[in-house]
Number of protein chains: 2
Amino acid sequence: MEYTKVAVDAMGGDHAPKEIVKGAVDALNRNQQIFVTLVGNEEVISKELEMYKYPEDRVSIVHASEVIETAEHPVQAIQKKKDSSMVVGLKLVKKGEADAFVSSGNSGALLVGGQLVTGRIRGIHRAPFAPLIPTEKGVSLVLDCGANVDARSEHLVQFARMGSIYMEYVMGVEKPKVAIVNVGAEEEKGNALVKETYPLLKECSDINFVGSCEARDIPKGDYDVIVCEGFVGNVILKLYEGVASTLISVIKKGLMSTLLSKIGAAMALPALKKTLKSFDATEYGGAPLLGLKGLVVKTHGSAKAKEIANAIEQCVAFKEQNITEKIENILNV
Amino acid sequence: MEYTKVAVDAMGGDHAPKEIVKGAVDALNRNQQIFVTLVGNEEVISKELEMYKYPEDRVSIVHASEVIETAEHPVQAIQKKKDSSMVVGLKLVKKGEADAFVSSGNSGALLVGGQLVTGRIRGIHRAPFAPLIPTEKGVSLVLDCGANVDARSEHLVQFARMGSIYMEYVMGVEKPKVAIVNVGAEEEKGNALVKETYPLLKECSDINFVGSCEARDIPKGDYDVIVCEGFVGNVILKLYEGVASTLISVIKKGLMSTLLSKIGAAMALPALKKTLKSFDATEYGGAPLLGLKGLVVKTHGSAKAKEIANAIEQCVAFKEQNITEKIENILNV
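For the structure given in this document, a descriptive report is provided here.

Here is what the cut-offs are and how they apply
- Residues numbered from 1 in each chain as written.
- Chains lettered and ligands numbered in written order.
- Predicted model: local features only at pLDDT ≥ 70, side-chain atom pairs only at ≥ 80, totals over all residues.
- Heavy atoms only, no water.
- Contact = heavy atoms within 4.5 Å.
- Buried area = accessible area lost by both parts, 1.4 Å probe.
- Salt bridge = Lys/Arg side-chain N within 4 Å of Asp/Glu carboxyl O.
- Helix = DSSP H or I, 4+ residues; strand = E, 2+ residues; numbered from the N terminus.
- Nonpolar A, V, L, I, M, F, W, Y, C, P; charged D, E, K, R; others polar.
- Least-squares fit on C-alpha atoms with pLDDT ≥ 70 in both.
- Axes fitted to C-alpha atoms, helices over the stretch in contact; angles between N-to-C directions.
- Parallel < 35°, antiparallel > 145°, perpendicular 65-115°, else oblique.
- Left-handed = near helix turned anticlockwise from the far one by under 90°.
- Pairing = 2+ DSSP bridges.
- Right-handed = clockwise from strand over helix to strand, strands pointing away.
- Buried < 20%, exposed > 50% of the residue type's maximum accessible area, 1.4 Å probe, protein only.
- Lys, Arg positive; Asp, Glu negative; His and termini not counted.
- Polar contact = N/O pair within 3.5 Å; in protein donor to acceptor, adjacent residues only side chain to side chain.
- Expected span 1.5 Å × (residues − 1).

Turning to the interface of chain A and chain B, a few remarks are in order. The interface is formed by 53 residues belonging to chain A together with 53 residues belonging to chain B. Regarding the contact of chain A and chain B, the summed buried area is about 4,900 Å², with carbon and sulfur atoms giving 76% of it. Applying the counting criterion to the chain A and chain B interface returns four salt bridges. Elements that contribute at least two residues to the side of chain A that touches chain B include exactly strand E7 (177-182), helix H7 (192-203), helix H8 (230-255) and helix H9 (259-277) of chain A. Broken down by element, the residue count for the side of chain A that touches chain B peaks at 21 residues, all from H8(A). Taken together, the residues of the side of chain A that touches chain B break down into 30 nonpolar, 14 polar and nine charged.

Let us now look at the relation of the copies chain A and chain B. The two copies are related by a screw operation: chain A maps onto chain B through 180 degrees of rotation and 0.0 Å of translation along the axis, at an RMSD of 0.0 Å. With respect to symmetry, the two chain copies, as superposed, fit the operation of a two-fold axis. When each C-alpha of chain A is compared by its distance to the rotation axis, Gly264(A) comes out closest, at 1.8 Å. The fraction of interface residues of chain A whose copies in chain B are also interface residues reaches 100%, indicating that both copies meet through the same surface.

Residue and element names in this part refer to chain B. The contact between helix H4 (residues 85-94) and helix H5 (residues 107-118) brings their axes to 9 Å, and the two run at 40 degrees. Classified by the angle their axes make, H4 and H5 are oblique. Two packed elements cross with a definite hand, and for H4 against H5 that hand is right-handed. Contacts between H4 and H5 pair Met86, Val87, Leu90, Lys91, Val93 and Lys94 from the former with Ala109, Leu110, Gly113, Gly114, Val117 and Thr118 from the latter. Per-class residue counts for the contact of H4 with H5 are seven nonpolar, three polar and two charged.

The final tally for this structure, using the stated rule, is 28 salt bridges over all chains. A salt bridge links Asp206(A) to Arg161(A); its shortest N-O distance comes to 2.9 Å. Highlighted residues: Asp206(A) in the loop between H7 and strand E8 (208-214) and Arg161(A) in helix H6 (residues 153-169), separated in sequence by 45 residues. Several salt bridges share partner residues, and in doing so they unite Glu214(A), Arg216(A), Lys238(B) and Glu241(B) into one network.

Residue and element names in this part refer to chain B. Strand order in this open sheet of five strands is E5-E6-E9-E7-E8, and the pairing throughout is mixed. Lying at the two open borders of the sheet, with one neighbouring strand each, are strand E5 (132-134) and strand E8 (208-214). The average angle at which neighbouring strand axes cross in this sheet is 35 degrees, direction not considered. Relative to E8, strand E7 (residues 177-182) runs parallel, the two being bridged by six bridges.

Checked against the element boundaries, Ser245(A) lands in helix H8. With 60 residues separating them in the primary sequence, Ser245(A) and Ala305(A) have C-alpha atoms 21 Å apart.

Residues and elements named next belong to chain A. As paired strands, strand E2 (residues 34-40) and strand E3 (residues 59-63) are joined by five bridges and run parallel to one another. Bridge assignment links Val39 to a residue of E3, and that residue is Val62. With helix H2 (residues 42-49) bridging E2 and the parallel E3, this β-α-β connection has right-handed handedness.

Residue and element names in this part refer to chain B. As for its position among the elements, Asp144 is in the loop between strand E6 (139-143) and helix H6 (153-169). Within the buried set, Asp144 has no salt-bridge partner at all; the shortest N-O distance to an opposite charge, 6.0 Å, is to Arg126. In terms of polar contacts, Asp144 uses its side chain to reach the backbone amide nitrogen of Phe129, at 2.9 Å. Side-chain polar atoms of Asp144 contact the backbone nitrogen of Asn148, separated by 3.0 Å. Those residues in contact with Asp144 that lie beyond four places of it in its chain are Pro128, Phe129, Phe159, Cys228, Glu229, Gly230, Gly233 and Asn234.

As a packed pair, H8(A) and helix H8 (residues 230-255) of chain B sit with axes 9 Å apart at the nearest point and diverge in direction by 40 degrees. Relative to H8(B), H8(A) is oriented so that their crossing is right-handed. For the pair H8(A) and H8(B), contact is made by Phe231(A), Val232(A), Val235(A), Ile236(A), Leu239(A), Tyr240(A), Val243(A), Ala244(A), Leu247(A), Ile248(A) and Ile251(A) and by Phe231(B), Val232(B), Val235(B), Ile236(B), Leu239(B), Tyr240(B), Val243(B), Ala244(B), Leu247(B), Ile248(B) and Ile251(B), respectively. By residue class, the composition of the contact of H8(A) with H8(B) is 22 nonpolar, no polar and no charged.

Next up on the list: helix H5 (residues 107-118) of chain A. All names here are of chain A. Helix length check: H5, at twelve residues, gives a terminal C-alpha distance of 15 Å against a target of 16 Å (1.5 Å per residue), a fit within 8%. Within H5 the residues assigned to the buried category are Ala109, Leu110, Leu111, Gly113, Gly114, Gln115, Val117 and Thr118. The elements touched by buried residues of H5 are helix H3 (74-80), helix H4 (85-94), strand E4 (100-103), strand E10 (287-289) and strand E11 (295-298). A side-chain oxygen of the first residue of H5 lies 3.2 Å from the backbone nitrogen of Gly108; this N-cap is Asn106. Just beyond H5, the residue with positive phi is Gly119, at close to 90 degrees.

Here the focus is unusual backbone geometry. Geometrically, the link from Ala16(A) to Pro17(A) is a cis peptide bond, its omega value of 0 degrees lying close to zero. Mapped onto the elements, Pro17(A) comes out in the loop between strand E1 (4-9) and helix H1 (18-30). Residue Asn322(A) is not a glycine yet carries a positive backbone phi of 50 degrees. Structurally, Asn322(A) can be placed in the loop between helix H10 (305-320) and helix H11 (323-330). One non-glycine residue with positive phi stands out, namely Asp150(B), at about 55 degrees. For Asp150(B), the position within the fold is in the loop between E6 and H6. We classify Asp150(B) as partly exposed; its relative accessible area is 39%.

Written as structure tokens, this is what we have:
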């Protein structure tokens, strides 16, 4: 049996290295097909690993002496810190020594580094950042969420095809419904970019394009793959998080505002928590950068062990389903 | 005393004419400075009016024989239905017979009609649609939310200045904080449009420009005027509504899922409703189209009397503060 080799940035994120190493161990114990390479300060990682029981024959450590911090300028950080856990990890994928790289570190640096260090598949113009967002019915893949800005129509068409492959073969959605973000449902609506892209998507025989999608309908979960240029996608992703977190805080305030409501809230809490869990993006692992020579996965800066473990396990389907080859093939259709 | 003359589309919206006429009567009874002209089918309107006590000397009816329906194509509807309540109302503003026009009808038609029928102030390139969105701290004005697409940097600068005037003089916010929607907080971030607009906004001495604003931070309410081009603004407005309504439905489902949670929910409900009310956009009246020769206000298609009355009252401040003249003046700064 061939392992899925996942390099993990042990030093990136708010809870590194503790939660990252714990997540890696959880994934290893749960799934026999995974081989993990922890990248970062060898001494620190070894010490963390000592705390757990894990299959030692499926773990290696690759030392990296530097760490890219959250506040660093992405491009400069990638260019200067050649021995950072992030750059070393991305190189492992480029050299084929790992199938995937998972990191909770500096988002901007990871998006830049994926393209500059690991590199795009020949013929793919842009590598979109493609997170799964929670909806009423499950999850939708939104791409590009900000790896690039000022995209052209041919880029959006590639995003649609890559996103469709990811949802079908990694997430197991049959004939994923692909939509383009627009200001109205009618075909003649839109800005210049959308008007140019719409007919091109209609012509794609390898995707199930269902038309325009208004932002209002995204949370309902009627679409599997939601295509947009990076600026708009970034707004969608961040506003989604922002509205949800503000609204939950407003609701909490309401529930805590009177004695009666406090008692009521305590009674309702367990059921409420269970339902809200389905609306929690961290349940679904990390967000891939698609179109690279291998898989690069971004997890939240605040990711804990559960999210890391889910993200690592996600890489198995990516490898087994030969997603990179499938993406290469769309260029020959 | 000079009245604020508000023309009201009595035939537009899901609850027309009943709730529209009721809202107009409420506004008239609340505020002595308002004169309302109800536009639409005279017979229908008269019959509705008969149900209320109201100051008859401050109401008139202007007959219009047609109605623009929700599903109609905006440009075609405005061009063909010359005797619709919407076109007739917009003309009253153009001719100076009304200071403002309030409508719950076909949004696209109103945005188009405002520019085509009422017309822009000379020198204003685009008339942005500028709704107030609820935040944790109050409301923020977001513009443009989709009256135009593919804006240029000089348009965004005008949006910023018009929005600032509106928030200061209509909403009473001192030195409104103006921000531009961006993919990161740093000045060097952004797409081509934002990079071009940012330094122009910095140079404006008549606004309090505070820099970039990530979509994640919009619901927190730290900015008073949020500037973006129409495609992005439309996504923000609709996603805001979509996430909030989906999340509330998910929470309701959670609260109703067990017997214990149902009892708890019943106890918590009154307090919760009160808090959520502060997050309800309809409390704040309608959304203006700025930069026209007079005020055009769009209310929700689902607007009931309360929203209509609030929207009509909003027009008083617009007129008293000479907003149209103040906008004309920015062109001479």
